[in-house]
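Inside the fold
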Amino acid sequence: MVVLREESEESLNQLFRALADGTRRDILARAIVEAPTVSGLAAHYEMSFAAVQKHVAVLQRAGLVRKRANGREQLVSTDHERLKRATELLDSYEVLWRQRVAQLDDVLREGE
Amino acid sequence: MPITSVTKDPEKLSLTVVADFPVSQERLWAAWEDPRQLERFWGPPFAPATFTHHDFRTGGRAEYFLTGPNGEKWPNSWKFAAVNPIDFFEAEDGDGDDMPTSMTFTFETTATGSRMIHVTRFSSVEAMEKTIPGMEEGFRAAMPQLDALLEA
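The notes below deal with the structure included here.

The rules behind each value
Residues numbered from 1 in each chain as written. Chains lettered and ligands numbered in written order. Predicted model: local features only at pLDDT ≥ 70, side-chain atom pairs only at ≥ 80, totals over all residues. Heavy atoms only, no water. Helix = DSSP H or I, 4+ residues; strand = E, 2+ residues; numbered from the N terminus. Buried < 20%, exposed > 50% of the residue type's maximum accessible area, 1.4 Å probe, protein only. Pairing = 2+ DSSP bridges. Axes fitted to C-alpha atoms, helices over the stretch in contact; angles between N-to-C directions. Contact = heavy atoms within 4.5 Å. Expected span 1.5 Å × (residues − 1). Arc of directions from axis to C-beta. Polar contact = N/O pair within 3.5 Å; in protein donor to acceptor, adjacent residues only side chain to side chain. Parallel < 35°, antiparallel > 145°, perpendicular 65-115°, else oblique. Left-handed = near helix turned anticlockwise from the far one by under 90°. Salt bridge = Lys/Arg side-chain N within 4 Å of Asp/Glu carboxyl O.

1. Regarding the environment of B:Pro85
With respect to the element layout, B:Pro85 can be found in the loop between β5 (73-84) and β6 (88-93). Its relative accessible area of 56% is what places B:Pro85 among the exposed residues.

Listed below in structure tokens is the structure:
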């Protein structure tokens, strides 16, 4: 968490840009479920292996995925810590919104 | 409970809330339009909101602060990117920040009253951390209330 707070503006911009692309979000979704190989990912998209490599590199620079060698293959795995933090924060927001909606309901019911 | 669904997407950093209320769409809109009503539900129970400015129209701004349990003040503001009474508004949270959080609110009339569909989109994990400083501490302090609320 300390690491996240100390992130530079540039790294946050990278994160934002990384998530702004549909193919990259799809790659990220696949990398959460399993650790696919780059060639395995390339089979899912109508683009060259090199283009998929580039998308993976953008995700990697944003700190969302890591690549590790497995024999001759490159496995793409997600940064679970970062996603876990995002999930925790969304849980807090859910609680906040449940409270907010309950309070709004009280305001709306007043004077009925 | 008026909450119909809450959908969270940790990859897209978004939260979608659908809530149905037994009042007219006009009445629901009025609660967002009137700062005195808005401040009664915007802040969490441990940190009530005070709106000092609420120019609720396209291009307008709202300014408010939350008052924390120890008297700390957390100022914030919204910029209204679009306001279409009584159907829709979009606000950017975290004014002056490079990575604002966007919030869209859509209102509809239903057979039983009105529906609100709200989507918050965060631009980064850090933007989520910053939106309400002290939020998690506050939630922990408010836990007994929370449990009761979530069980209701």
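2. Re the sheet that holds β5(B)
The strand order across the open sheet formed by eight strands is β1-β2-β8-β7-β6-β5-β4-β3 (chain B), and the pairing between neighbours is antiparallel. Taken across any chain shown, the strands that pair with only one partner, and hence form the sheet edges, are β1 (3-9) and β3 (49-54) of chain B. On average, each strand axis in the sheet is tilted by 20 degrees relative to the strand beside it, whichever way the strands run. Sitting on the sheet, helix α6 (residues 80-109) of chain A touches β1, β2 (14-21), β7 (101-110) and β8 (113-121) of chain B, and the angle it makes with β2(B) is about 20 degrees. Sitting on the sheet, helix α1 (residues 25-33) of chain B is in contact with β2, β3, β5, β6, β7 and β8 of chain B, with an inclination near 155 degrees to β7(B).

3. Thoughts on helix α3 (residues 22-33) of chain A
All names here are of chain A. Here α3 spans 17 Å end to end across twelve residues, near enough to the 16 Å set by a 1.5 Å rise per residue. Inspection of α3 places Thr-23, Arg-24, Ile-27, Leu-28 and Ala-31 among the buried residues, and these make up the whole buried set. Projected onto a plane normal to the axis of α3, the buried residues spread over an arc of 140 degrees and lie on a single side. Where α3 begins, one side-chain oxygen reaches toward the backbone nitrogen of Thr-23, 2.9 Å away; that side chain belongs to Asp-21.

4. Observations concerning the side chain of A:Gln103
Structurally, the position occupied by A:Gln103 is in helix α6. With a relative accessible area of 16%, A:Gln103 lands in the buried category. The residues touching A:Gln103, leaving out its near neighbours within four places in the chain, are B:Arg40, B:Phe41, B:Gly43, B:Pro44 and B:Pro45.

5. A word on the side chain of A:Glu94
Here A:Glu94 shows up in helix α6. Discounting residues that sit within four places of it in the chain, A:Glu94 has contacts with B:Val6, B:Lys8 and B:Leu15.

6. What to know about the packing of α6(A) against α1(B)
Direction vectors running N to C along α6(A) and α1(B) enclose 115 degrees, while the axes themselves pass 11 Å from each other. Between α6(A) and α1(B), the interaxial angle falls into the category roughly perpendicular. Relative to α1(B), α6(A) is oriented so that their crossing is right-handed. In this structure, α6(A) contributes A:Trp97, A:Leu104, A:Val107 and A:Leu108 to the contact, and α1(B) contributes B:Arg27, B:Leu28, B:Ala31 and B:Trp32.

7. Things to note about the pairing of β7(B)
Residue and element names in this part refer to chain B. In this sheet, β7 lies alongside β6 in antiparallel orientation, the contact comprising six bridges. Paired with Glu-90 across the two strands is Thr-104, which belongs to β7. For β7 and β8, the ladder comprises nine bridges, and the chain directions are antiparallel. Residue pairing across strands places Ser-102 opposite Arg-121, the latter belonging to β8. Joining the antiparallel neighbours β7 and β8 is a turn of two residues.

8. So, the pattern of salt bridges
Enumeration over the complete set of coordinates arrives at ten salt bridges over all chains. The residue B:Arg115 makes a salt bridge to B:Asp20 at a minimum N-O spacing of 3.0 Å. One end of the pair, B:Arg115, is in strand β8; the other, B:Asp20, is in strand β2, with 95 residues separating them in the sequence. Measuring nitrogen to oxygen at the nearest pair gives 3.1 Å for the salt bridge that ties B:Arg61 to B:Glu63. B:Arg61 sits in the partly exposed class, given a relative accessible area of 28%. Through salt bridges with shared partners, one network takes in A:Asp91, A:Glu94, A:Arg98 and B:Lys8.

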